[in-house]
Amino acid sequence: MAVAATFLAVSTTSAFAQNDPPRNSAAELAIDAAIPFPEPANVPPPTASDFKLDTTATVPPSQAKAPEPAKPLDAAASPATEPAKAAATPPAAAPATAAAPATATAPEPAKDPVKAASSVPAADQPVADRLRDLMATKATKYFDRKAERAAVEKFYTGRDYAPIWTQSGNLTAAAKGVIARLKDAAADGLNPADYPVPDFAAAGSAPDALAEADLKLTESMMDYARQAQSGRMHWSQVSADIQYPEHPVDPNEVLANVTGAKDASAALEGYNPPHKLYKLLKAKLAELRGDRDGAPVIIEDGEPLKYTPARGKNAPEAEAQMSDPRVPKLRAKLGLTENLDDIRYDAKVAAAVRKFQDSVDLKPTGVLDDRTVKALNTPKRDKQIDTIIVNMERWRWLPRDLGAPAIGDAYVILNIPDYTLKVMQHGAQVWTTRVVTGKPGQHATPLLSETMKFITVNPTWNVPPSIIYNEYLPALQQDPTVLDRMGLRLERARDGSIHISQPPGEANALGRIRFNFPNKFLVYQHDTPDKNLFAKEDRAFSHGCMRVQYPDQYASVLLNLTMPGERYTPERIRSMYGSSEIDLKFPTPIPVNITYQTAFVDDAGKLQFRKDVYGRDATMIAILKNSRGKDLENVVAHAQPSYSRPKGPLPNSVNVSDNSFSSGPSGPNFFERLFGGGQPTPPAPVGRPPRRVFTR
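The structure presented is a predicted model; accordingly, all values stated were derived computationally and were not measured.

Draft legend 1. Here's a closer look at the overall build of the protein chain. In terms of helices and strands, the protein chain carries 23 helices and 20 strands. Expressed as a percentage of the 696 residues in the protein chain, the buried residues total 43%. Long-range contacts, defined as pairs at least 24 residues apart, comprise 69% of the intrachain contacts of the protein chain with a sequence gap of at least 6. Accessible area of the protein chain: about 36700 Å², with a carbon and sulfur share of 55%.

Rendered as structure tokens:
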């Protein structure tokens with residue numbers, strides 16, 4: 001404001017000065033010299049804009065410098081004979097406060113911002129320009145997933161849209177590695193047709209073609225990484241009783257990892273499952289396809305071969321056996337390692353033929369007939385190959401880390417079709433046992449990954465709602481005393497729902513021990529009073545829970561993994577058997593992985609096949625062959641089981657306990673009653689044993 005006022009004063013004075021008469025006296029000339037005026041041609045008339053406040057900077061009053069007063073001039077020191085020299089004092093000597101406004105009245109026009117120099121080599125600039133246009137107009141054509149599209153746009157922008165896979169029109173080492181991996185996708189049970197490789201050679205040096213090929217290869221690379229890690233189909237497309245934790249790829253990480261790796265092929269391959277059993281299946285897949293040295297084994301046609309046991313105690317076994325020159329090839333085809341050159345169709349060969357027939361849905365007679373020979377010589381993409389591929393697909397659903405690092409990567413893995421459970425630590429088997437799993441259909445054991453948090457000795461069996469509704473209530477209509485005879489207690493809640501339980505004891509349906517890993521399917525592992533079922537080869541008999549053959553050993557193994565200093569033994573576990581519930585909590589939860597492996601490689605390195613007891617293989621093969629599983633995000637909605645307690649009328653003469661329980665907000669829900677935790681255990685009603693909780 002001070003500058004503007006000064007300018008106004010000077011300008012006004014200058015205007016008046018132009019109309020004043022000439023200065024003649026020495027004093028007047030001295031005053032004019034002390035306060036010089038700019039030339040009239042350099043000072044335009046003041047406008048309103050000249051008086052705007054200066055808001056860009058503020059000078060504190062303490063720092064403001066007062067203008068120096070004009071020094072009085074001595075008339076004798078300025079002789080009147082030099083008026084022209086005094087009046088011609090250079091404008092540079094004028095105060096800055098007078099000069100600044102004069103220049104501010106003529107601002108220069110704004111200039112266009114200077115474009116930053118491109119970091120793209122000149123040879124690649126036309127391709128980069130075309131990539132910029134394609135990403136701006138057709139990005140959704142190549143990348144329909146929002147997260148991937150955003151990651152690709154960010155990656156190209158960060159490199160000023162320089163092509164990723166070519167330099168000066170030539171393929172980079174990374175591009176060659178990615179292309180090699182995509183073309184070899186079948187080795188990992190994937191379909192190379194799902195990851196098309198653009199023809200860079202045909203693109204030549206045309207910027208449009210090179211830009212389009214660059215985006216197409218990026219698209220195929222992203223598809224491969226996503227499906228190699230998470231699968232070509234989502235587990236919910238197969239069944240409603242599957243739930244594994246999601247582990248999708250990070251598209252930003254994929255782009256940075258693959259393009260920056262020394263070996264792009266290995267980096268891209270690394271998105272496949274790292275598990276040992278997956279890699280063993282991959283090797284067996286190559287063998288079945290004939291990818292190893294040596295021609296595939298073909299069994300020639302011929303008369304049927306049948307094994308007939310020798311009759312009579314002293315009859316030589318060899319006389320009852322048929323011989324045929326095809327038998328050595330048959331032994332090799334079926335994986336028999338003993339007596340490879342023996343031409344006799346003995347009991348071991350017949351048993352292997354019977355097992356093969358069962359695996360390909362032929363009647364397991366053990367006779368080598370025409371249908372069996374044809375099945376043995378089926379094309380390379382036969383049922384066994386399909387079975388291996390869908391098993392590799394299921395490995396993609398499982399967590400990358402199966403175990404708990406704090407306890408040596410320990411975990412439990414249960415294979416439903418093989419009816420076995422294994423405890424693993426440091427990559428090696430610690431303990432194994434037989435199990436009984438759920439019946440096919442509505443009682444199938446679900447596939448899941450959860451953590452076992454504690455075990456319960458002397459458990460109370462809280463009957464699941466599905467069993468109450470589907471089995472016990474209809475049974476009560478026929479026989480109102482059936483629950484009493486089975487040792488079950490029936491209670492009605494205040495809201496009218498029904499609860500049935502069985503107190504601890506030798507006859508309890510859960511046996512003496514329950515292994516708890518809370519999950520939405522309400523299943524667990526437990527002991528059983530029905531030990532005879534473990535002797536059967538097929539053991540799918542339960543309502544979905546898993547019965548363990550040796551629960552006392554299992555409990556001691558798990559407790560020693562989480563609390564090695566306690567030195568649990570099966571005898572110590574059995575000493576706890578009684579009528580009171582005892583919870584033994586794990587300091588570190590143990591992961592439990594329920595799997596469905598119909599094809600696996602055993603400890604001896606032999607490829608094993610198991611019956612598709614739940615039909616999961618057939619469903620997945622159909623999805624893969626019909627290409628319905630290409631879009632991982634196309635998740636099929638399935639009806640989920642209901643966990644509410646059933647309500648309904650009870651028949652007359654049913655014995656209902658007087659100890660009703662609460663099912664409202666203040667009481668434990670069924671999930672908590674089943675697995676414990678969540679809320680404090682309610683007071684035990686009369687006749688129900690108390691519960692002891694051991695926390696170590």
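Draft legend 2. Structural detail: the pairing of strand β7 (residues 420-425). As paired elements, strand β6 (residues 411-415) and β7 share five bridges and run antiparallel to each other. For Tyr 411, the partnering residue across the bridge sits in β7 and is Met 424. A loop of four residues connects β6 with β7, the two strands running antiparallel in sequence, and Tyr 419 in this loop sits at a positive phi of about 55°. Note that β7 and strand β8 (residues 428-438) share six bridges and pair antiparallel. From the neighbouring strand, Met 424 faces β8, where its bridge partner is Gln 429.

Draft legend 3. Representation of helix α11 (residues 251-260) in the model. Every buried residue of α11 is listed here: Pro 251, Val 254, Leu 255 and Val 258. Burial along α11 is one-sided: seen end-on, the buried residues are contained in an arc of 95°. Looking at the buried residues of α11, the elements they touch are α7 (146-158), α8 (173-183), α10 (207-230) and α12 (264-269). Between a side-chain oxygen at the N-terminus of α11 and the backbone nitrogen of Asn 252 the separation is 3.1 Å; the capping residue is Asp 250.

Draft legend 4. Representation of helix α20 (residues 551-562). With 12 residues, α20 should cover 16 Å at 1.5 Å per step; its first-to-last C-alpha distance of 17 Å lies within 8% of that length. Within α20, 10 of the 12 residues are buried, which leaves it mostly tucked inside the rest of the structure.

Draft legend 5. Spotlight on the packing of α10 against α11. Relative orientation of the contacting elements α10 and α11 amounts to 115°, with a least axis distance of 11 Å. With respect to their mutual orientation, α10 and α11 come out roughly perpendicular. Considering how the two elements wind past one another, α10 and α11 form a crossing that is right-handed. Across from Thr 218, Met 221, Met 222 and Ala 225 in α10, the residues of α11 making contact are Pro 251, Val 254, Leu 255 and Val 258. Residues that form the contact of α10 with α11 fall into these classes: seven nonpolar, one polar and no charged.

Draft legend 6. Layout of the pattern of salt bridges. Counting across every chain of the model gives 27 salt bridges. A salt bridge links Lys 284 to Glu 287; the nearest nitrogen and oxygen atoms lie 3.7 Å apart. Taken as a pair, Lys 284 and Glu 287 lie in helix α13 (residues 276-288) at a separation of three residues, close to a single helical turn. With relative accessibility at 16%, the residue Lys 284 sits in the buried group. Here Arg 344 and Asp 342 are joined by a salt bridge, their closest N and O atoms 2.9 Å apart.

Draft legend 7. Inspection of the confidence of the model for the protein chain at higher detail. Averaged over every residue, the pLDDT of the protein chain is 80; the share at 70 or more is 70%. Long-range and interchain partners of residues 1-19, a stretch whose pLDDT sits below 50, account for 20 contacts in this model, where long-range means more than four residues apart. Across residues 659-667, confidence stays below pLDDT 50; counting only partners more than four residues off in sequence or on other chains, it has 22 contacts.

Draft legend 8. Local environment of the packing of aromatic side chains. Counting across every chain of the model gives seven aromatic pairs. With a centroid separation of 6.5 Å and an interplanar angle of 15°, the aromatic rings of Tyr 156 and Tyr 161 are classed as stacked. Ring centres 5.4 Å apart and planes at 70° place the aromatic pair Tyr 195 and Tyr 224 in the edge-to-face group. Linking Tyr 195 in the loop between α8 and α9 (200-203) with Tyr 224 in helix α10, this pair joins segments that are 29 residues apart in sequence. We classify Tyr 195 as buried; its relative accessible area is 1%. The structure contains a cluster of three or more aromatic residues connected by ring pairs, namely Trp 431, Phe 515 and Tyr 554.

Draft legend 9. Molecular detail of unusual backbone geometry. If you check the backbone angles, Asn 339 has positive phi at about 50° while not being a glycine. With respect to the helices and strands, Asn 339 occurs in the loop between α14 (327-333) and β5 (344-345). Accessibility expressed as a relative area gives 49% for Asn 339, which makes it partly exposed. One non-glycine residue, Arg 567, lies in the positive phi region at around 55°. Locating Arg 567 in the fold gives a position in the loop between α20 and α21 (570-574). Its relative accessible area of 69% is what places Arg 567 among the exposed residues.

Draft legend 10. Region of interest: the pairing of β8. Taking the residues that link successive antiparallel strands as the turn, the β7-β8 hairpin has two residues, and the phi of His 426 there is positive, at about 55°. As defined by bridge partners, β8 adjoins strand β16 (residues 546-548) across two bridges and the pair is classed as antiparallel. Across the sheet, Val 436 pairs through a bridge with Arg 547, a residue of β16. Bridge analysis of β8 against strand β15 (residues 540-542) gives two bridges, and the strand direction is parallel. Within β15, the residue paired with Gly 438 across the bridge is Ser 542.

Draft legend 11. Just the packing of α8 against α10, in detail. Where α8 contacts α10, the axes come no closer than 11 Å and their chain directions differ by 55°. The pairing of α8 with α10 is recorded here as oblique in orientation. Viewed along their axes, α8 and α10 form a crossing whose handedness is left-handed. Of the residues in α10, those touching α8 at Ala 175, Val 178, Ile 179, Arg 181 and Leu 182 are Leu 217, Ser 220, Met 221 and Tyr 224. Residue composition of the contact of α8 with α10, grouped by class: seven nonpolar, one polar and one charged.

Basis of the calculations
Residues numbered from 1 in each chain as written. Predicted model: local features only at pLDDT ≥ 70, side-chain atom pairs only at ≥ 80, totals over all residues. Heavy atoms only, no water. Helix = DSSP H or I, 4+ residues; strand = E, 2+ residues; numbered from the N terminus. Buried < 20%, exposed > 50% of the residue type's maximum accessible area, 1.4 Å probe, protein only. Contact = heavy atoms within 4.5 Å. Areas by Shrake-Rupley, 256 points an atom, 1.4 Å probe, with all protein chains shown as cover. Pairing = 2+ DSSP bridges. Arc of directions from axis to C-beta. Polar contact = N/O pair within 3.5 Å; in protein donor to acceptor, adjacent residues only side chain to side chain. Expected span 1.5 Å × (residues − 1). Axes fitted to C-alpha atoms, helices over the stretch in contact; angles between N-to-C directions. Parallel < 35°, antiparallel > 145°, perpendicular 65-115°, else oblique. Left-handed = near helix turned anticlockwise from the far one by under 90°. Nonpolar A, V, L, I, M, F, W, Y, C, P; charged D, E, K, R; others polar. Salt bridge = Lys/Arg side-chain N within 4 Å of Asp/Glu carboxyl O. pLDDT = per-residue confidence, 0-100. Phe/Tyr/Trp six-rings, centres within 6.5 Å; stacked < 30°, edge-to-face > 60°.

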